[in-house]
Amino acid sequence: MYCYEGFCGKRYSPLADMPGSLYETSNLDRGGSNRKKKIEEFSRSSREKLVQSKNKMFSKFTSILQHAVEALAPSLPLQEDFVYHWKAITHYYIETSDDKAPVTDTNIPSHLEQMLDILTQEEGERESGETGPCMEYLLHHKILETLYTLGKADCPPGMKQQVLTFYTKLLAHIRQPLLPHINVHRPVQKLVRLCGEVLAAPTENEEIQFLCIVCAKLKQDPYLVNFFLENKLKRPETKSPERAGEVKEDVLAPDTGQSPAGEQADCPEEPQAAAAAASTSSPTSNNNNNSNYNLVTSLLNLTKSPDGRIVVKACEGLMLLVSLPEPAAAKCLTENTELCELLTDRLVSFYKALPQSMDPLDIETVESVNWGLDVYNLKEDAAVFTGKRALISFLSWLDYCDQLIKEAHKSAAVVMAKAVRERFFVSVMEPQLMQTSEVGILTSTALLNRIIRQVTSEALLQEMVCFLLGEEREPETPATIAQNPLRHRLIEHCDHLSDEISIMTLRLFEQLIQKPNQHILHSLVLRSLEERNYLENKPQEEREPLENGQPHDAVDLEEDPLFGDDLSPESRLSGSDWLSSSPQQSPDHAKSDGKTEVHKIVNSFLCLVPDEAKSSYHVEGTGYDTYLRDAHRQFRDYCGVCQRWDWRGNPKPLEKCNLDIAFFEGHFLKVLFDRMGRILDQPYDVNLQVTAVLSKLSLLPHPHLHEYLLDPYISLAPGCRSLFSVIVRVVGDLMLRIHRIPDFTPKLLLVRKRLLGLEPEGINIDHMTLLEGVIVLEEFCKELAAIAFVKYHAAASSSP
């Protein structure tokens, strides 16, 4: 600060006039003590004000900076971290010359894991469906393409395993759809082709995990499968031994985000795949004959793995793929892969591994199998019976084939089922069933019975039925019963010289007629009853006179009050719906009370067996009411099976029937009726099985079958027989034989108690076969009566 002397000789400063100036001279101590004091006070005050100002400014700046950091933190630091880990991986290939050190000795697995964590965290912090900068970086810089190249070259050793794991976790953990991106589905396709190339490879577990997650993603978005139908004409990737050395060059190449020319040439399928995905509404435009389905091929290769867990996972993946609703994929699946061949070849190999001779009881009673839960112990299985392990393996694979066809797209299911029919049933099973060796026939029939019981898929059941019974639908004649050799042979086996073969074949047909397939019943029985030409065609006045209400050639039942003149052939059940029996003969015939009619029909069956041949009333729990409960349950189940079939409620009107055609009950009913006619002379087990099949047929809610099997009062055409007429003849024969056997009734009661386990086995009883036949006959008549009663009341409750 300068000063100068004024006119008065005093020193003057420009600051002296300022209030509070440090240079104010009034009242100041010339020693300068006050001036110093004031300077210190001013300095302290100024510093405090300056500090306060700075603190305010710093606080405001800090707040602004904090908000800015908070706004930028979710993206910039994560992206920098993500890029850091990726650069760390690429730098490894730049700086490392030893390519033989395993990948686990490097930091690559850790960097890949960190990249996955960052991508997962980024997605969690953003709105659903929003792509963050890290994911954008991964897609734009084709990180998956580079990783695929590293995995394919397996450089360093074990890198393929790391890449598979990275792909698997990426697809599993990221919720937003990734496969539609070309820089995702293209490397995924390429990696799929690497899977299953080497059997029992060290990367099998990672390969199957990767393939299954791809299948699961396709199940979520089925249209994406079009990206995996690859053009066969695409140039295959070159496999040179120098490829591992090229990995570094690939990593070091500048990443522009564009496809190199070589890659574009390597993947000409992309336009086709994209077009297919964009035009899924017209899948028929795809030329599947020129398409590869490498996802299926890789899974098929892994089903050949020696590791059972890998096989099950591969089968699960195939199950997901066949169920996709895309017609183009279903067509490619069956036309351009070896799926059908694998299914059938393995089924054949498992079947051929079975012993030539097996106990039918072992085949029937082996525990139920599920293809994915095949747990076994070789020693324990061998101790139970020889061939149990082979049998379980066969049934387990059959269950898989059945479930696969059941879940498959309809068009693919038909193709696979036809392949099983041609390559297994026709080629392998038919020669077994047609052989002459009784042991071979018995074993193959028991196996077929188990197969029938196990099959549930509609397409496979249809093919199996056509294989067994043929596809003919016209009525049978005696001249055409051998038109289908296998069908003819199987029905003939129901009346085989070997009782074991007869019983097993009858069980087979019992199992078959309970299946939900309309063609079974049409082929076996209904096509012969369509025209109702089992009925008398002559007008009432031209018919032969009746004797006690029965045709002249019927067995004389004059002593039975149920067959008197008051129950003429016209007096028949008048229930409604499908249970309705034959129409009345004349329009002026008055309807009688329905309950009275069914009461008469029930008693017609209950009273068929004479009192001296009855023994059930001497033993508790063998009455008619037990059959009522069973009949009600079974009939309800049958109605559930048959409800989709076009079975009209009433019989076909007689005026529309061709009654001039000679009636033939059909080969199947002919054999059953023949067997039923010999019930007094056949083994007990055979009789049980014959009556079991006939009762199942009687339960069916078809009006013609009900009329033919359960109406005792129909007027049969000359030379025709019905179930009731067959039983009547058996009863007539029985009445002649009863008088030739001393103590018939006590012996009959003893045999019944032995059969029920109420009496121990003792001395042999004469006429054992006859007595057992009488017991079966009595029980069968009670069963038919219960079925008639249940069916009538079901119809009465459903009628308006």
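Rules behind the numbers
- Residues numbered from 1 in each chain as written.
- Predicted model: local features only at pLDDT ≥ 70, side-chain atom pairs only at ≥ 80, totals over all residues.
- Heavy atoms only, no water.
- Helix = DSSP H or I, 4+ residues; strand = E, 2+ residues; numbered from the N terminus.
- Buried < 20%, exposed > 50% of the residue type's maximum accessible area, 1.4 Å probe, protein only.
- Contact = heavy atoms within 4.5 Å.
- Areas by Shrake-Rupley, 256 points an atom, 1.4 Å probe, with all protein chains shown as cover.
- Axes fitted to C-alpha atoms, helices over the stretch in contact; angles between N-to-C directions.
- Parallel < 35°, antiparallel > 145°, perpendicular 65-115°, else oblique.
- Nonpolar A, V, L, I, M, F, W, Y, C, P; charged D, E, K, R; others polar.
- pLDDT = per-residue confidence, 0-100.
- Expected span 1.5 Å × (residues − 1).
- Core = buried A, V, L, I, M, F, W, Y, C linked by side-chain atoms within 4.5 Å.
- Salt bridge = Lys/Arg side-chain N within 4 Å of Asp/Glu carboxyl O.
- Phe/Tyr/Trp six-rings, centres within 6.5 Å; stacked < 30°, edge-to-face > 60°.
- Patch = residues over 30% accessible without salt bridge, like charges linked within 9 Å, V, L, I, M, F, W, Y side chains within 5 Å.
- Lys, Arg positive; Asp, Glu negative; His and termini not counted.
- Charge placed at Lys NZ, Arg CZ, Asp CG, Glu CD.

Further remarks concern the overall build of the protein. Summing up its helical and strand segments, the protein has 32 helices and four strands in all. Buried positions account for 49% of the 800 residues belonging to the protein. Summarising the internal contacts of the protein: among those between residues at least 6 apart in sequence, 78% fall at separations of at least 24. Surface exposure of the protein reaches about 39,300 Å², of which carbon and sulfur atoms provide 52%.

Contact geometry for helix α22 (residues 485–493) and helix α23 (residues 499–513): axes closest at 8 Å, N-to-C directions at 120 degrees. Our classification of the angle between α22 and α23 gives oblique. Where α22 abuts α23, its residues Leu490, Ile491 and His493 lie against Ile501, Ser502, Thr505 and Phe509. Split by residue class, the contact of α22 with α23 holds four nonpolar, three polar and no charged.

Locating Lys696 in the fold gives a position in helix α28 (residues 684–699). Sequence-distant contacts of Lys696, defined by excluding residues within four places in its chain, comprise Glu510, Ile513, Gln514, Gln634 and Tyr638.

Here we take up the confidence of the model for the protein. Mean pLDDT over the protein works out to 80, with 74% of the residues at or above the 70 mark. For residues 1–31, every residue scores under 50 in pLDDT, and the model assigns this stretch 25 contacts once sequence neighbours within four places are set aside. Taken as a whole, residues 546–594 scores under 50 in pLDDT and shows 100 contacts with residues more than four places along the chain or in a different chain.

Turning our eyes to something else, we now look at α23. Given 3.6 residues per turn, any residue in an α-helix points the same way as the ones three and four places further on. Here α23 spans 21 Å end to end across 15 residues, near enough to the 21 Å set by a 1.5 Å rise per residue. The buried fraction of α23 is high, at eleven of 15 residues.

Of all hydrophobic cores here, the largest spans 216 residues; its most connected members are Leu147, Phe210, Tyr293 and Phe424. Considering every element that reaches this core, the biggest residue donor is helix α32 (residues 768–798), with 15 residues. Those residues in contact with Tyr293, other than ones at most four positions away along the chain, are Val225, Phe228, Leu229, Leu321, Leu324, Ala329, Cys332, Leu333 and Thr337.

The next point concerns the pattern of salt bridges. For the structure on display, the rule yields 32 salt bridges. Here Asp345 makes a salt bridge to Arg423, at a shortest N to O gap of 2.8 Å. On the criterion of sequence distance, the pair formed by Asp345 in helix α15 (residues 339–352) and Arg423 in helix α19 (residues 410–433) is long-range, its members being 78 residues apart. The class for Asp345 is partly exposed, based on a relative accessible area of 42%. With a shortest N-O distance of 3.1 Å, Lys782 and Glu779 are connected by a salt bridge.

This next bit is on unusual backbone geometry. Here Cys155 and Pro156 are connected by a cis peptide whose omega angle stands at -5 degrees. Looking at where Pro156 falls in the secondary structure, it is placed in the loop between α5 (143–153) and α6 (159–173). In this structure, Lys142 is a non-glycine residue whose phi angle is positive, near 50 degrees. Topologically, Lys142 is positioned in the loop between α4 (133–140) and α5. One non-glycine residue with positive phi stands out, namely Asp743, at about 50 degrees. Given the relative accessible area of 56%, Asp743 is considered exposed.

Over its 16 residues, helix α30 (residues 723–738) runs 22 Å from end to end, which matches the ideal 22 Å to within 8%, given 1.5 Å per residue. Along α30, the residues that are buried comprise Leu723, Phe724, Ser725, Val726, Ile727, Val728, Val730, Val731, Gly732, Leu734 and Ile738.

A complete count under the given rule lists 17 aromatic pairs for this structure. Judged by centre distance (6.1 Å) and plane angle (85 degrees), the ring pair of Phe82 and Tyr137 falls under edge-to-face. One end of the pair, Phe82, is in helix α2 (residues 76–95); the other, Tyr137, is in helix α4, with 55 residues separating them in the sequence. The class of Phe82 is buried, set by a relative accessible area of 0%. Their ring planes at 35 degrees and their centres at 6.0 Å tell us that Phe673 and Tyr708 sit as a pair that is tilted. Here the residue Phe673 occupies a position in helix α27 (residues 667–677), and Tyr708 occupies one in helix α29 (residues 703–710), the gap between them amounting to 35 residues.

Turning our eyes to something else, we now look at the environment of Asn107. Summarising the element assignment, Asn107 is placed in the loop between α2 and α3 (108–124). A relative accessible area of 56% means that Asn107 is categorised as exposed. As for Asn107 and Tyr92, which are separated by 15 residues in sequence, their C-alpha atoms are 8.8 Å apart.

The next point concerns a negative patch on the surface. Residues Asp359, Glu438, Asp499, Glu500 and Asp685 make up a contiguous surface patch of negative charge. Relative to the assigned elements, Asp359 resides in the loop between α15 and α16 (360–365). For Asp359, a relative accessible area of 42% translates into the label partly exposed.

Here we come to the environment of Val455. Inspection of the secondary structure puts Val455 in the loop between α20 (438–454) and α21 (458–469). Taking C-alpha positions, Val455 is 8.7 Å from Gln403, a pair spaced 52 residues apart along the chain. Apart from the residues lying within four places of it in its own chain, the contact partners of Val455 are Asp402, Leu460, Leu461, Met464 and Lys515.

Let's shift gears to the environment of Leu119. Within the secondary structure layout, Leu119 lies in helix α3. In this structure Leu119 comes out as buried when scored by relative accessible area, which is 2%. Taking the C-alpha atoms as reference, Leu119 lies 8.7 Å from Leu78; in sequence the two are 41 residues apart.

Looking now at the packing of helix α24 (residues 518–529) against α29. The angle between the axes and the distance between the axes are what describe a pair of packed helices. Running from amino to carboxyl end, α24 crosses α29 at an angle of 85 degrees, the nearest separation of the two axes being 9 Å. Judged by the inter-axis angle, α24 sits roughly perpendicular to α29. Of the residues in α29, those in contact with Val525, Leu526 and Leu529 of α24 are His704, Leu705 and Tyr708. In the contact of α24 with α29, the residues fall into five nonpolar, one polar and no charged.

A few words on the side chain of Gln689. Counting through the fold element by element, Gln689 comes out in helix α28. Setting aside its immediate chain neighbours within four residues, Gln689 contacts Ile503, Leu506, Arg507 and Glu510.

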